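Coordinate inspection notes
The lines below spell out each chain.
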Amino acid sequence: MMRMNTFWIVVLALGFLSGCAQMSPIVSNYSNEIRGADVSFIDPNNHNAVAKHYEDVAKEMKAKLEAQKEQLDEYERHNYYYGRKGQNFRSHTWANIRHLENSLKENLEEAAVHRKMAQDQQKQDVSQFKS
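Residues numbered from 1 in each chain as written. Predicted model: local features only at pLDDT ≥ 70, side-chain atom pairs only at ≥ 80, totals over all residues. Heavy atoms only, no water.

1. Some thoughts on the overall build of the protein chain
What the protein chain contains, in helices and strands, is four helices and zero strands. Per element, the accessible surface of the protein chain, about 10500 Å² overall, is 58% carbon and sulfur. (Helix = DSSP H or I, 4+ residues; strand = E, 2+ residues; numbered from the N terminus. Areas by Shrake-Rupley, 256 points an atom, 1.4 Å probe, with all protein chains shown as cover.)

Written out as structure tokens, the structure reads:
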């Protein structure tokens, strides 16, 4: 009898917990914040707008990168405040910095590609008008 009660309590608890669980996959905070405005709302043929979007995203990432670097500097100056968890904090902050630097570089490269495409498109449009 005791086993049967325990079994039903466990089944009900699992059912309740699964009903309250979030069904959508959890995405990292950086990708949600960094992407901000969705690129899908921008006309893909408007390369100037797409380039501006990537530049804006890069600007936001640069601000976050500076904040992470300030946190790391604060840790380096006062590492004795952090105790045992300081090493984890330091390595986590370094990982965030590397991620932000790589993403910043990718966004700037993407913006440059779209700026070039916009220039090529303008040249093509001008040459069509002349012909």
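2. Some points on the environment of serine 127
As for its position among the elements, serine 127 is in helix α4 (residues 86-130). Within polar-contact distance, the side chain of serine 127 engages the backbone oxygen of glutamine 124 at 2.8 Å. (Polar contact = N/O pair within 3.5 Å; in protein donor to acceptor, adjacent residues only side chain to side chain.)

3. With respect to the packing of helix α3 (residues 47-77) against α4
Where α3 contacts α4, the axes come no closer than 8 Å and their chain directions differ by 160°. Comparing their axes, α4 and α3 come out roughly antiparallel. With respect to the hand of their crossing, α3 and α4 are arranged in left-handed fashion. Class assignment for the residues of the contact of α3 with α4 results in 18 nonpolar, 13 polar and 10 charged. (Axes fitted to C-alpha atoms, helices over the stretch in contact; angles between N-to-C directions. Parallel < 35°, antiparallel > 145°, perpendicular 65-115°, else oblique. Left-handed = near helix turned anticlockwise from the far one by under 90°. Nonpolar A, V, L, I, M, F, W, Y, C, P; charged D, E, K, R; others polar.)

4. Examining the nonpolar core
Core analysis: the largest hydrophobic core is formed by eight residues, namely Val57, Ala58, Met61, Leu65, Leu72, Ile97, Leu100 and Leu104. Residue assignment for this core shows that the elements contributing at least two residues are α3 and α4. Considering each element in turn, this core owes the most residues, five residues, to α3. Once you skip the residues sitting within four places of it in the chain, leucine 65 turns out to touch Ile97, Leu100, Glu101 and Leu104. (Core = buried A, V, L, I, M, F, W, Y, C linked by side-chain atoms within 4.5 Å. Buried < 20%, exposed > 50% of the residue type's maximum accessible area, 1.4 Å probe, protein only. Contact = heavy atoms within 4.5 Å.)

5. Things to note about the side chain of histidine 114
Along the polypeptide, histidine 114 turns up in helix α4. Ignoring sequence-local partners within four residues, the contact set of histidine 114 consists of His47, Val50, Ala51 and Tyr54.

6. A word on the packing of aromatic side chains
Summed over the entire model, instances satisfying the criterion amount to five aromatic pairs. The rings of Tyr75, Tyr82 and Phe89 are connected pair by pair, giving a single aromatic cluster. (Phe/Tyr/Trp six-rings, centres within 6.5 Å; stacked < 30°, edge-to-face > 60°.)

7. Observations concerning the pattern of salt bridges
A complete count under the given rule lists six salt bridges for this structure. Between arginine 77 and glutamate 74 there is a salt bridge, with its nearest N and O atoms 2.9 Å apart. Residue arginine 77 and its partner glutamate 74 are both found in helix α3; the two are separated by three residues, about one turn of the helix. Judged by its relative accessible area of 53%, arginine 77 is exposed. A relative accessible area of 28% places glutamate 74 in the partly exposed class. We note a salt bridge from aspartate 120 to lysine 116, for which the minimum N-O separation is 3.6 Å. Here lysine 116 and aspartate 120 lie together in helix α4, a separation of four residues that amounts to about one turn. Relative accessible area serves as the criterion here: at 36%, aspartate 120 is assigned to the partly exposed category. (Salt bridge = Lys/Arg side-chain N within 4 Å of Asp/Glu carboxyl O.)

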